[in-house]
Amino acid sequence: MSNYRVENPATGEIVETFAEATDAEIESTVAGAHTTYLTWKETDIQERASIVRRAAEIFHERKDELARTISVEMGKSYAESVDEVEFAADIIDYYGVHGPSLATDYQIPSTIPGTARIEALPIGALLGVMPWNFPYYQVARFAAPNLVLGNTIMLKHADICGRSALLIEEIFRAAGVPAGGYSHLFANHDQIAAMIADSRVQGVSLTGSERAGAIIGAQAGQNLKKAVLELGGIDPMVVLDADDVAAVAREAWEFRTYNAGQVCNSNKRLIVMDDIYDDFVAELVKLGTGLTPGDPLNLGEAEYVPLSSRAAAETLDAQVKKAVAEGARVLIGGELGEGPAAYYAPTVLVDVPRDSESYGEELFGPVATVFKVSSDEEALELANDCALGLGGSVFSSDEGRADRVASRLEVGMTHVNTIAAEAAELPFGGVKRSGFGREMGPIGMGEFVNKRLHFIAK
């Protein structure tokens, strides 16, 4: 039985179901992606870029429809859904405009008489395995640069994102991407494994959990396929000092509860200096007081959205309860709403013991976990005491002090006096168990590229 469905997390209602792809449909899609690649790669890069730019225009034109779709699918507020559609469109447009200049050839000095040139060439059909928390943004940052490069895309989206997945495919086709250039798949795990093993598929990009990354990474390695893995994060936000403690706490709260806390690079560990800790935590509690569940399509100011599914909410509730059993304290929130909806109250959690299981777990929901430290070195040691390494931030009125601490964070993205700088031109990705490879920017543009040496002897 297929797991693909639209299940409104605000109500628990199953709105629509989708049939799982047959093996014959998977074969047809892989064959089409490979065949189309052979002609798409020969299409002038400026023409490919023009088609991608047109896709960005259609995203803007259909913004309301796209936003409402994911509000129902995974519970994101309408305002945040609009933000996501616009950001995805901006990313797609960026690679339509700047992609060709990021894929240019360049010469390198050579001790052998002649001319040595590094060429940027596409490699073939690629498989993307994407999550539900940002249904458009995640796809945009993978698909747009690779379509401009001349690769073709097969996209397996999350099982709760069927409608948005089909809309993305429809938009790329309407923009002029040829049949087989971008294809959506309602595939199962065995079919994904078979696709990775297929000689016509040249690479795979996954955004998801550590568990999923380990499986996909192993399959890619076994078949000698290029892989990019963007996995989980327990990103530290280190607050060394602040001229306005309440303002920094509000920034921390708003980012931590954005998208119901279901953000890979969210500030999941708030590490705060002892002299401002009490005021910082008090402000978080204030911000979390008096909130009630709301309708994602018509959200009030003091209301919060559901998590993506009832299972996600129940998992988060179990994690928080385990942390409390191990010695942590809930200061506000920590309440699981009645089923079948997926509401979980935004939460402030403190005193998580460092020797507990909970200390190393990612809480993928609106839980602000706060730690107290008494020195820069202690803050840095705590920040780096983590198996994951996606991003991190350091706040201080002394920029030099913050910069020195941030430069020693063991993460893929460091930030000073902002929690996360995200833009189409900035590379995104982590180290340690947060994965490897990058998406977006000049680094991401070069992940699925044949950087071929071309030498002309003299």
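Residues numbered from 1 in each chain as written. Predicted model: local features only at pLDDT ≥ 70, side-chain atom pairs only at ≥ 80, totals over all residues. Heavy atoms only, no water.

Naming follows an unreviewed UniProt entry, where the protein chain appears as Succinate-semialdehyde dehydrogenase/glutarate-semialdehyde dehydrogenase of Brevibacterium epidermidis. Annotation of the protein chain in UniProt includes, under Sequence similarities (unreviewed entry), the sentence "Belongs to the aldehyde dehydrogenase family." (UniProt positions renumbered as here; feature names shortened; annotations may be inferred.)

### A look at the packing of aromatic side chains
What characterises a pair of aromatic rings is the spacing of the ring centres plus the angle enclosed by the ring planes. Within the structure shown, the criterion is met by 11 aromatic pairs. Between F18 and F186, the ring centres sit 5.1 Å apart and the planes meet at 20°, which makes this aromatic pair stacked. Of this pair, F18 sits in the loop between β2 (14-17) and α1 (23-40) while F186 is found in the loop between β7 (182-185) and α7 (189-197), placing the two residues 168 residues apart along the sequence. Among the residues examined, F186 registers a relative accessible area of 13% and is labelled buried. Judged by centre distance (6.1 Å) and plane angle (70°), the rings of Y304 and Y343 are edge-to-face. Of the two residues, Y304 sits in strand β13 (residues 303-304) while Y343 sits in the loop between β14 (329-332) and β15 (347-350), which places them 39 residues apart along the sequence. For the pair formed by Y304 and Y343, the shared burial category is buried. Taking NZ or CZ as reference, R68 lies 5.0 Å from the ring centre of Y78, over its face. Seen from the ring of F448, K226 lies directly overhead, with NZ or CZ sitting 5.6 Å from the centre. (Phe/Tyr/Trp six-rings, centres within 6.5 Å; stacked < 30°, edge-to-face > 60°. Helix = DSSP H or I, 4+ residues; strand = E, 2+ residues; numbered from the N terminus. Buried < 20%, exposed > 50% of the residue type's maximum accessible area, 1.4 Å probe, protein only. Lys NZ or Arg CZ within 6 Å of the ring centre and 35° of its normal.)

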